[in-house]
Amino acid sequence: MSRDIIRIFDTTLRDGEQAPGCSMNLSEKLLLARQLERLGVDVIEAGFPIASEGDFESVRAIADELTRTTICGLARTDPKDIDRAAEALQHAKKPRIHTFIATSDIHLEHKLRMSREQVLAEVDRSVRQARGYCDDVEFSAEDATRSDIDYLVQVFTTAIEAGASTCNVPDTVGYTQPEEYARLISTLRERVPGAENVVFAVHCHNDLGLAVSNSLAAVLAGARQVECTVNGIGERAGNTSMEEVVMAIKTRPDVFQGLDTNIVTTEIYPASRLLSSTIGVPVQPNKAIVGDNAFAHEAGIHQDGVLKAAITYEIMTPQSIGRPSNEIVLGKHSGRHAFRDRLGELGIELEGEDFEMAFRRFKDLADKKKNIYNEDIEAIATDSVTQTDDRFELGDLSILSGTFAKPTATVELRVDGESRRATALGIGPVDAVFKAIADMTETKSELLRFQVNAITGGMDALGEVSVTVSEDGRRVIGHGAHSDIIVASGKAYVHALNRLAWHKSRHDVTEPKGI
Ligand code: KIV
Ligand code: ZN
């Protein structure tokens, strides 16, 4: 029996990136996009080109580089949005324009202030305009699950007549329930003329914790594209988690008969780790599939069962999602080859000088520390990637501290390529370092949160610091790792300030993104 493919539409770089603290710069998005292509997703929604210069450049760079995956740019129905999306996708091998407008009376009345007829006209015009640029056009009826069903039928009929080949039915506010959503998809497939010639897509938010269940129920009702994100990141409570949907379909062929995805499941864990180390947002330990404890059997009775036969308590193997079987990874005798292999398992590709730098740091650390864990390697790799768009680069720093010395820090920093040095006093050594950095960068940001973790166990563990800073309502997270936690703190702070600077250099649209 030939298998029906459920397309995986990954929106980590668009809807996922909109979540607080999850924003990424251009080089980070490119790294993620390469891993998403290795993972085998069918479509990468790379950004919202009209939203900002940064979004435009990211979509363009990803569209220019990737050739196997469809690259999609989001656009409201506004003609300028669609032109901008088309421009960003100009060199894409497989471009898709994704246009959307809200269809619920709540949104029409309170947000758009438009009549149903006006919205229908927008759907028709925008899809035709997008079709003028490419054959692959997706239309989304925002807040579909709170829209009137008769009107929704009209909306999708209009979109299909205008040339849309994918009709997306978003549960924008995470409101629906599995049976209800499945019924909605079945009704639309029955009642919309031409439905058999297009793909129905689902896009769920997780406000009630039902995004994955709702998406899977919709698949059983005939949806053939699932929109999702790595680790389920996204607005508010997040989006549908890619790894959970994919592994549910794979693990239960008896339920999802004749259905499959194109995902290379052994790339799931590397994608999850890469995202988490890039944005500095850890995965909750009990997260299904990719959490630290997802395959950890603590209870004696379970351990005994798994040792006798893994099938007693494991419904899938860690290897099937690409989890390195071995927790202690490398030591001082490990060579380049082993180091490169391990980076690959963690979803990290470093080339040229970046690789050499990471390898040197790995060797230095291996001299100080007996066992090098995956988390150590991720920290080293994150530090070694050349960030061409960074304004600030931390140089040397020294501190004086103790029970009778007044905490004092002297810090060197490159600001836009120019070397600076400052000395500051503080309440403690971290405070002194931050004051010196704030002085040289002239930042107006506020430090909201400061967190220190030992990356791995043991006295020789690397310290990892995360800081959250905000300025003008924009909140970013920076992270840094080092065997000295004061240095790790300085790195984390500089990382956060670089992120803020990057956002400032993007010209955000005056109107909110409205999603
Ligand atoms: O949640 C939503 O409705 C969206 C649309 C743009 C698809 O993200
Ligand atoms: Zn969404």
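Refer to the preceding data block for the structure.
About the criteria used
- Residues numbered from 1 in each chain as written.
- Chains lettered and ligands numbered in written order.
- Predicted model: local features only at pLDDT ≥ 70, side-chain atom pairs only at ≥ 80, totals over all residues.
- Heavy atoms only, no water.
- Helix = DSSP H or I, 4+ residues; strand = E, 2+ residues; numbered from the N terminus.
- Buried < 20%, exposed > 50% of the residue type's maximum accessible area, 1.4 Å probe, protein only.
- Contact = heavy atoms within 4.5 Å.
- Near = heavy atom within 4 Å.
- Polar contact = N/O pair within 3.5 Å; in protein donor to acceptor, adjacent residues only side chain to side chain.
- Areas by Shrake-Rupley, 256 points an atom, 1.4 Å probe, with all protein chains shown as cover.
- Nonpolar A, V, L, I, M, F, W, Y, C, P; charged D, E, K, R; others polar.
- Donors = N, O, S within 2.8 Å, 3.2 Å for Na, K, Ca; no water.
- Core = buried A, V, L, I, M, F, W, Y, C linked by side-chain atoms within 4.5 Å.
- Domains from an automatic or database assignment.
- Phe/Tyr/Trp six-rings, centres within 6.5 Å; stacked < 30°, edge-to-face > 60°.
- Lys NZ or Arg CZ within 6 Å of the ring centre and 35° of its normal.
- 1 Å grid on protein atoms, 1.4 Å probe; cavity = no way out; pocket = protein on both sides within 12 Å on 5 of 7 lines; lining within 4 Å.
- Points joined across faces, edges and corners; volume = space filled by probe spheres on them.
- Pairing = 2+ DSSP bridges.

### Notes on the environment of Lys-406
So, point 1. Relative to the assigned elements, Lys-406 resides in the loop between strand E13 (392–400) and strand E14 (408–415).
So, point 2. Given a relative accessible area of 55%, Lys-406 falls into the exposed group.
So, point 3. Leave out the neighbours within four places in its chain, and Lys-406 touches Leu-400 and Leu-425.

### Overview of the site of ligand 1
So, point 1. Of all residues adjacent to ligand 1, which total twelve residues, the nearest are Arg-14, Asp-15, Thr-172, His-203 and His-205.
So, point 2. Between ligand 1 and the protein, one listed contact pairs an oxygen atom with a side-chain N or O atom of Arg-14 at 3.0 Å.
So, point 3. His-205 is positioned with one of its side-chain polar atoms (N or O) 3.0 Å from an oxygen atom of ligand 1.
So, point 4. Protein contact buries 100% of the 260 Å² of open area that ligand 1 shows by itself.
So, point 5. Where the shell around ligand 1 is concerned, the elements lending two or more residues are strand E5 (95–102), strand E6 (137–142) and strand E7 (166–171).
So, point 6. Class assignment for the residues of the shell around ligand 1 results in three nonpolar, six polar and three charged.

### Some details on the coordination of the zinc ion (ligand 2)
So, point 1. Taken together, the protein donors to the zinc ion (ligand 2) comprise Asp-15 (OD), His-203 (NE2) and His-205 (NE2), at separations of 2.0 to 2.1 Å.
So, point 2. For the zinc ion (ligand 2), all donor residues lie on one chain, and their spacing in sequence is D-x187-H-x1-H. In this pair, Asp-15 sits in the loop between strand E2 (7–10) and helix H1 (26–39) while His-203 sits in strand E8 (residues 199–204), placing the two residues 188 residues apart along the sequence.

### As for the nonpolar core
So, point 1. Formed by 112 residues in total, the largest nonpolar core has its most connected members in Ile-44, Phe-139, Phe-156, Val-169, Leu-188, Ile-268 and Phe-339.
So, point 2. No fewer than three residues from each of domain 1 (4–279) and domain 2 (325–384) sit in this core.
So, point 3. If near-sequence neighbours (up to four positions away) are discounted, Phe-339 is found in contact with Leu-330, Phe-355, Ala-358, Phe-359, Phe-362 and Ile-377.
So, point 4. Judged by nonpolar contacts, the second largest core, of 27 residues, contains Phe-434, Ile-437, Val-465 and Leu-500.

### Some thoughts on the packing of aromatic side chains
So, point 1. All chains considered together, the criterion is met by ten aromatic pairs.
So, point 2. For the ring pair Phe-139 and Phe-156, a centre distance of 6.0 Å and an interplane angle of 75° mean the geometry is edge-to-face. On the criterion of sequence distance, the pair formed by Phe-139 in strand E6 and Phe-156 in helix H6 (residues 149–162) is long-range, its members being 17 residues apart.
So, point 3. Residue classification places Phe-156 among the buried residues on the basis of a relative accessible area of 0%.
So, point 4. Of the aromatic side chains, those joined through ring pairs into one cluster are Phe-339, Phe-355, Phe-359 and Phe-362.
So, point 5. Above the ring of Phe-56, the side-chain terminus of Arg-84 is found at 3.6 Å from the ring centroid.
So, point 6. Positioned over the ring face of Phe-355 is Arg-340, at 3.9 Å from the centre of the ring.

### Considering empty space enclosed by the protein
So, point 1. For the structure shown, the criterion picks out three cavities of 30 Å³ or more.
So, point 2. In this model, the second largest cavity occupies a volume close to 90 Å³.
So, point 3. Lining of the second largest cavity is provided by eleven residues; of these, Asn-25, Glu-28, Asn-498, Arg-499 and Trp-502 occupy positions nearest its centre.
So, point 4. Looking at which element gives the most residues to the lining of the second largest cavity, the answer is helix H16 (residues 485–505), with five residues.

### Observations regarding the pairing of strand E9 (residues 225–228)
So, point 1. Burial along E9 is two-sided: the residues Gln-225 and Glu-227 and Val-226 and Cys-228 are all buried.
So, point 2. Pairing of E2 with E9, which is carried by four bridges, proceeds in the parallel orientation. When the bridges of E9 are listed, Phe-9 appears paired with Glu-227.
So, point 3. Two elements, E8 and E9, share three bridges in a ladder whose sense is parallel.

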